[in-house]
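Inside the fold
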There are 2 protein chains.
Amino acid sequence: MRIALDAMGGDDAPGINIDGALKALAKWDHLVVDLVGPADQLNELLAQHDNVSDRLNVLHASEFVGMDEKPTEALRKKPNASITVCWKLMAEKKVQAVVSAGNTGAVVAAGLRTRLFLKQVKRPGIAVVLPTLKGQCVLMDVGANPAARADHLYQYGVMGSVYASEMLGIERPRIGLLNIGSEDGKGTDLVREAHAMLSNSYLKDQYIGNVEGRGIYQGEADVVICEGFVGNVVLKVSEGMADMMFRVLSREIVGALDTERDKAGQAFKAAAARYEYREFGGAPLLGVDGLCMISHGSSDAHAMSNALGTCIKMRERQINQMVVDNLAGSPTPTA
Amino acid sequence: MRIALDAMGGDDAPGINIDGALKALAKWDHLVVDLVGPADQLNELLAQHDNVSDRLNVLHASEFVGMDEKPTEALRKKPNASITVCWKLMAEKKVQAVVSAGNTGAVVAAGLRTRLFLKQVKRPGIAVVLPTLKGQCVLMDVGANPAARADHLYQYGVMGSVYASEMLGIERPRIGLLNIGSEDGKGTDLVREAHAMLSNSYLKDQYIGNVEGRGIYQGEADVVICEGFVGNVVLKVSEGMADMMFRVLSREIVGALDTERDKAGQAFKAAAARYEYREFGGAPLLGVDGLCMISHGSSDAHAMSNALGTCIKMRERQINQMVVDNLAGSPTPTA
């Protein structure tokens, strides 16, 4: 499998991107990585490593989109941005996946521009895996599509369900619709319409109806679908709250102890590491014809390597073919 | 001050509602409480208490809305529901505030039916106080108005700002707009329009622009405004995540210790108590001509008493008059 890695995406790019690529290449021997970015800078950094795999290729891209730039403006001004070159490689079928820890808006916008959508998919969406009291849950969409229609939400149910079953090993995942009450008829026109579509679809036996914000972390559903504005807020509120609670609690609990402060401090660190969603190394943009993993800006080499590994697993599991088959095999439900 | 207390609202009603009322009556000697619910049942319970204050009156209401009932349907079927009677007392100016720990949807719907809005207020909204790394933050609206317009969001800025300054003692509160990116031009039409209105209003010097989900708990703003669907999700996701983290962390950290397990367990309990938002005893529905506190269904007597106390403070601080003055004194901004 050949993957284009955006060398310039992320808070610590390109150093840790190179480290992540080398880590992944050592782990998966059928992996080839095209490292996309300023060739001189990348070659110079690579020269500092011993025994660089010959499955690592540097592909030149003279520009890149900064983490704080406005995505559409930056992409227009910088036609040779690394993320644009990555997507171009995928559109030309030269690579099977794109991985970036860069500006999420730019990764998505550069991808949507290629119109590289899977057959029948109307709008790709980003799926994240969240920890819950009962295990894990796929939340989709978390920001690719902040003005979703009901049929988009229905398709997120289709895609999220495939992702949960293939990547998390959950048979017949329970699908919930994020809403502000559990009873029927709650919420906005959008969610009421999506509710009707899901209830009338081939997913109806997996669909458990409305799930409230609280229910996500209680593990009420294996897949929770929502439009991108709400999903993005959920993801970032969760990150912010987890961060606050780790800080406040570790200070208070450790401070309340006398002799076992070190033990408690280490236990907090171990727990915090598990909350950093590094297992999958990022979140996939599902619905594109090809694979795309969007990693957190603060990714380390381990997370970056995992993002490449997740692409390998998604390809093995034929996620995309299953989405296409499910959409083709079932009539579009009515609202 | 005279307050109508919905005796039947809450998971443990009416027992703890009575306890909360008695606690408050002992604390504030100019408080009068009308306890609204089935008179026989309430009088029987009151007979078990010694020295019941003569500032506690039982007002009969034969029906009530259950926590899981559909609000509008329940209110239609039960014209004598306790919450409806409470609002009627306020509309008739017999009480100055309504307090309920009942079905939030029913409290709001019964209130909106009275059309008891402050002058110029278009839609009331619910404000909650959340803990942050830097102190506290007012989030508004958390569910009264799930289909808000931009001018509603602007008015939430006006009301949230008054609440933060008078109730939290924050001078010139910084107001943020909840969005999915920090740069201008981000998000949906709704938030872009609200952004323009706030930027063109008398609040422009307090308005700090977009705040992301993560920024709420980092304390980036003193007031964060959003439409009710998103706000409700934020509140419930926060509750769910806090609950999960307390459970998981207390188990893991305490489990990692040998000799100081009890100390750590007690420190966790103390921290958890502070996360239960009981200080204010609930969240006000701001924008109504009168006062309304909506308490959590799981409120205990302490929270219930605090909800009554918060009404007293809101009246002393003349929150409503300030909202009316601010709206009347400044032209409605353009988008």
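Please read these numbers as outputs of a predicted model, since none were measured by experiment. (Residues numbered from 1 in each chain as written. Chains lettered and ligands numbered in written order. Predicted model: local features only at pLDDT ≥ 70, side-chain atom pairs only at ≥ 80, totals over all residues. Heavy atoms only, no water.)

**Looking at the side chain of A:S82**
Residue and element names in this part refer to chain A. Mapping S82 onto the fold places it in helix 4 (residues 82-91). Under the relative-accessibility criterion, S82 is labelled buried at 2%. For S82, the contacting residues outside a window of four places in its chain are D6, M8, V36, G37, A61, E63 and F64. (Helix = DSSP H or I, 4+ residues; strand = E, 2+ residues; numbered from the N terminus. Buried < 20%, exposed > 50% of the residue type's maximum accessible area, 1.4 Å probe, protein only. Contact = heavy atoms within 4.5 Å.)

**Some remarks on the packing of aromatic side chains**
The relative placement of two aromatic rings is captured by the distance of their centres and the angle of their planes. Within the structure shown, the criterion is met by one aromatic pair over all chains. Here the aromatic rings of A:F268 and B:F268 are separated by 6.4 Å at their centres, their planes lie at 25 degrees, and the arrangement is stacked. In this pair, A:F268 is assigned in helix 10 (residues 261-274) and B:F268 in helix 10 (residues 261-274), connecting two distinct chains. An identical accessibility class is assigned to A:F268 and B:F268; each is buried. (Phe/Tyr/Trp six-rings, centres within 6.5 Å; stacked < 30°, edge-to-face > 60°.)

**Details of the relation of the copies chain A and chain B**
For the pair chain A and chain B, the relating rotation is 180 degrees, the translation along its axis is 0.0 Å, and the fit reaches an RMSD of 0.0 Å. Those values place the two copies in the arrangement expected of a two-fold rotation axis. (Least-squares fit on C-alpha atoms with pLDDT ≥ 70 in both.)

**Description of the interface of chain A and chain B**
Listed as interface residues are 53 residues of chain A and, on the opposing side, 54 residues of chain B. When chain A packs against chain B, close to 5100 Å² is buried across both sides, 72% of that on carbon and sulfur atoms. When the buried surface of chain A facing chain B is broken down by residue, A:I180, A:R214 and A:F229 rank first, second and third, together holding 13% of it. Taken together, the links from chain A to chain B amount to six salt bridges. In this structure, the salt-bridge partner of A:E239 is B:R214, at a minimum N-O distance of 3.1 Å. Summed over the shared surface of chain A and chain B, the result is 13 residue pairs in polar contact (both at pLDDT 80 or more). (Buried area = accessible area lost by both parts, 1.4 Å probe. Salt bridge = Lys/Arg side-chain N within 4 Å of Asp/Glu carboxyl O. Polar contact = N/O pair within 3.5 Å; in protein donor to acceptor, adjacent residues only side chain to side chain.)

**Here's the deal with the packing of helix 6 (residues 150-167) of chain A against helix 12 (residues 319-329) of chain A**
Residues and elements named next belong to chain A. Relative orientation of the contacting elements helix 6 and helix 12 amounts to 140 degrees, with a least axis distance of 10 Å. With respect to their mutual orientation, helix 6 and helix 12 come out oblique. Like other packed secondary-structure pairs, helix 6 and helix 12 cross with a definite hand, here right-handed. Residues Q155, V158, M159, V162, Y163, E166 and M167 of helix 6 pack against I319, M322, V323, N326 and L327 of helix 12. Grouping the amino acids of the contact of helix 6 with helix 12 by side-chain chemistry returns nine nonpolar, two polar and one charged. (Axes fitted to C-alpha atoms, helices over the stretch in contact; angles between N-to-C directions. Parallel < 35°, antiparallel > 145°, perpendicular 65-115°, else oblique. Left-handed = near helix turned anticlockwise from the far one by under 90°. Nonpolar A, V, L, I, M, F, W, Y, C, P; charged D, E, K, R; others polar.)

**Focus on unusual backbone geometry**
Among all residues save glycine, negative phi is the norm, and among peptide bonds the norm is trans. The omega torsion across A:M140 and A:D141 is 10 degrees, close enough to zero to call that bond cis. With respect to the helices, strands and loops of the structure, A:D141 is situated in the loop between strand 6 (136-140) and helix 6. With a phi close to 75 degrees, B:Q120 is a non-glycine residue in the positive phi region. Looking at the element boundaries, B:Q120 is found in the loop between helix 5 (104-113) and strand 5 (125-131).

**Description of the domain arrangement of chain A**
Residues and elements named next belong to chain A. By domain assignment, chain A separates into domain 1 (1-120 + 287-316) and domain 2 (122-279). For domain 1 and domain 2, the distance between their C-alpha centroids amounts to 26 Å. Counting residues at the interface gives 15 residues for domain 1 and 13 residues for domain 2. The junction of domain 1 with domain 2 conceals about 1200 Å² of combined surface from both sides, 63% of it contributed by carbon and sulfur atoms. Broken down residue by residue, the surface that domain 1 buries against domain 2 is led by Q120, G287 and K313, which jointly contribute 29%. The tally of links from domain 1 across to domain 2 stands at zero salt bridges. If you look at where domain 1 meets domain 2, you find four residue pairs in polar contact (both at pLDDT 80 or more). Per-element tally for the side of domain 1 that touches domain 2: the top contributor is helix 11 (residues 301-316), with five residues. Each residue belonging to the side of domain 1 that touches domain 2 can be placed in one class, and the counts come to seven nonpolar, six polar and two charged. (Domains from an automatic or database assignment.)

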